[in-house]
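A look at the structure
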Amino acid sequence: MTPRPSQILEYEPLSKYCTLEIGGPARYLLKAQRRSEIIEAVQWARAHQIPWVMIGRGSNTLFDDRGFVGLVIVPRLAEREFAPMSHSVSGKTSFLLSGAFSLPQLAATASRKGYSGLEFACGIPGSLAGAVYMNAGAHGGSMSFLVERVDFLDENNQLRTLPGDLLEFGYRKSVFQKKNWVILSVQLGLELDSSGSSREKLFAFAKQRRETQPQHCRSAGCFFRNPEQSSRALVTSKKPLSAGALIDKAGLKGLSLGKVQISAAHANFLVHLKGTPLDRENKQQQGVLLKYGLTEQELMMCKKLGPGAQMRKLIALVRNIVKTKYLYNLETEVRYLPFEGPSFQMI
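Residues numbered from 1 in each chain as written. Predicted model: local features only at pLDDT ≥ 70, side-chain atom pairs only at ≥ 80, totals over all residues. Heavy atoms only, no water.

Either a parallel or an antiparallel arrangement is found when strands of a sheet pair, and the pairing is made through backbone hydrogen bonds. Strand order across the open sheet formed by 4 strands is β14-β17-β16-β15, with antiparallel pairing between neighbours. If you trace the sheet from one side to the other, it starts and ends with β14 (218-222) and β15 (256-257), each paired once. Note: β14 against strand β17 (residues 269-272), 3 bridges, orientation antiparallel. Looking at the pairing, C222 lines up with F269 of β17. Contacting β15, β16 (260-262) and β17, helix α9 (residues 307-326) runs over the sheet at an angle of about 25° to β16. (Pairing = 2+ DSSP bridges. Helix = DSSP H or I, 4+ residues; strand = E, 2+ residues; numbered from the N terminus. Contact = heavy atoms within 4.5 Å. Axes fitted to C-alpha atoms, helices over the stretch in contact; angles between N-to-C directions.)

Moving on, we get to the pairing of strand β2 (residues 25-32). Bridging between strand β1 (residues 9-13) and β2 involves 4 bridges; their strand directions are antiparallel. Residue pairing across strands places P13 opposite P25, the latter belonging to β2. Bridge count for β2 against strand β5 (residues 68-75) is 6 bridges, and the pairing is parallel. Bridge assignment links A26 to a residue of β5, and that residue is F68.

Another aspect to go through is the packing of aromatic side chains. Taken as a whole and judged by the stated rule, the model has 9 aromatic pairs. Ring geometry for F95 and Y115: centres 4.9 Å apart, planes at 85°, overall edge-to-face. With F95 in strand β7 (residues 92-98) and Y115 in strand β8 (residues 115-116), this pair connects stretches of sequence that are 20 residues apart. Overall, F95 belongs to the buried group, its relative accessible area being 0%. Given a relative accessible area of 13%, Y115 falls into the buried group. Ring geometry for F223 against F224: centres 6.5 Å apart, planes inclined by 50°, an arrangement best described as tilted. Taken together, the ring pairs in this structure connect F82, F95 and Y115 into an aromatic cluster. One residue, R335, lies across the ring of Y133, its end atom 4.8 Å from the ring centre. Over the ring of F344 we find R335, and its NZ or CZ is 3.9 Å from the ring centre. (Phe/Tyr/Trp six-rings, centres within 6.5 Å; stacked < 30°, edge-to-face > 60°. Buried < 20%, exposed > 50% of the residue type's maximum accessible area, 1.4 Å probe, protein only. Lys NZ or Arg CZ within 6 Å of the ring centre and 35° of its normal.)

We now examine the pattern of salt bridges. A side chain with one charge may pair with a side chain of the opposite charge, provided their charged atoms come close. Inspection of the entire model under this criterion finds 13 salt bridges. Here D154 makes a salt bridge to R160, at a shortest N to O gap of 3.8 Å. You can call R160 partly exposed: its relative accessible area is 32%. (Salt bridge = Lys/Arg side-chain N within 4 Å of Asp/Glu carboxyl O.)

By the element assignment, S174 lies in the loop between β12 (159-163) and β13 (182-192). Assessed through its relative accessible area of 4%, S174 is described here as buried. One polar contact links the side chain of S174 to the main-chain carbonyl oxygen of Y133, over a distance of 2.8 Å. Beyond its immediate chain neighbours, meaning those up to four positions away, S174 contacts V132, Y133, L167, E168 and F169. (Polar contact = N/O pair within 3.5 Å; in protein donor to acceptor, adjacent residues only side chain to side chain.)

With that settled, the discussion passes to the side chain of Q310. With respect to the helices, strands and loops of the structure, Q310 is situated in helix α9. Separated by 2.8 Å, the side chain of Q310 and the backbone nitrogen of K259 make a polar contact. At 3.3 Å, the side chain of Q310 and the backbone oxygen of K303 are in polar contact. Not counting chain neighbours up to four residues away, the residues in contact with Q310 comprise L257, G258, K259, V260, C302, K303, K304 and L305.

Right under this line is the structure:
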């Protein structure tokens, strides 16, 4: 039987490993320093039928207040040098990079070294592997436009490679969301920045994010997927509405429930408030909560829950209110890991 890797920790608080800072202890946790450690840990967990997950930088992630009964793998690999490969694909310059690479750092490095295509990612928290998993995007760009191939460990512990056109990319979707695969490295194709406009774009996108999104708060980024273009036409005849605009139009911006809140800066950001919660909900907010599915007793009970349970309750309320007002079902971008797993699920 496969022995347990010696580097694995026990009962490590998951709140330390996600941007929301929510989560109880993991039964096992590995901060992997090498690719071989990831493979060894996955093989051990599978051999002993222990549920396991791998996270990147902990964005787009909500852990349970009780923690997780299985193994959480946190890659902390030394990021490879950003250097072009000896060949290119489709006229682009190819780079083979560790999936643990920080996405904002990668965008900044590429721009600084004279390559364009990743400017949209400058403010997206998370790792390269996580960005591929979610097909992360912003400002009209997405990972699907750049990924040439992905190296991964499949469900049979075999190392495999797939080209980008077989990864079933869609809006915030990829084949990895349907498979029990571990992304190890990603080959990207970037354009040479012959016009010198990459740095200008990157700074403009970063400035826009600073001006329109909450800063220095405990958040997982945008919580809800924007409606597809075809669906948005059903919501309003004037112009397409984003998920944040729908939540704002419903009058929910700034609404709080215990330790969690819909950001007053951007309605598609749900944040974990710092400090001891007071009676933040004013009478108008309490009226909204009571109108859409909470009794006064349930409201009082919610305030006694942990922040993870409060966040899931707030998500359910937002979806219910938007559904009631606009007949649209919001889908989450953030994944939730139940205490008993076995894996992440969309809320």
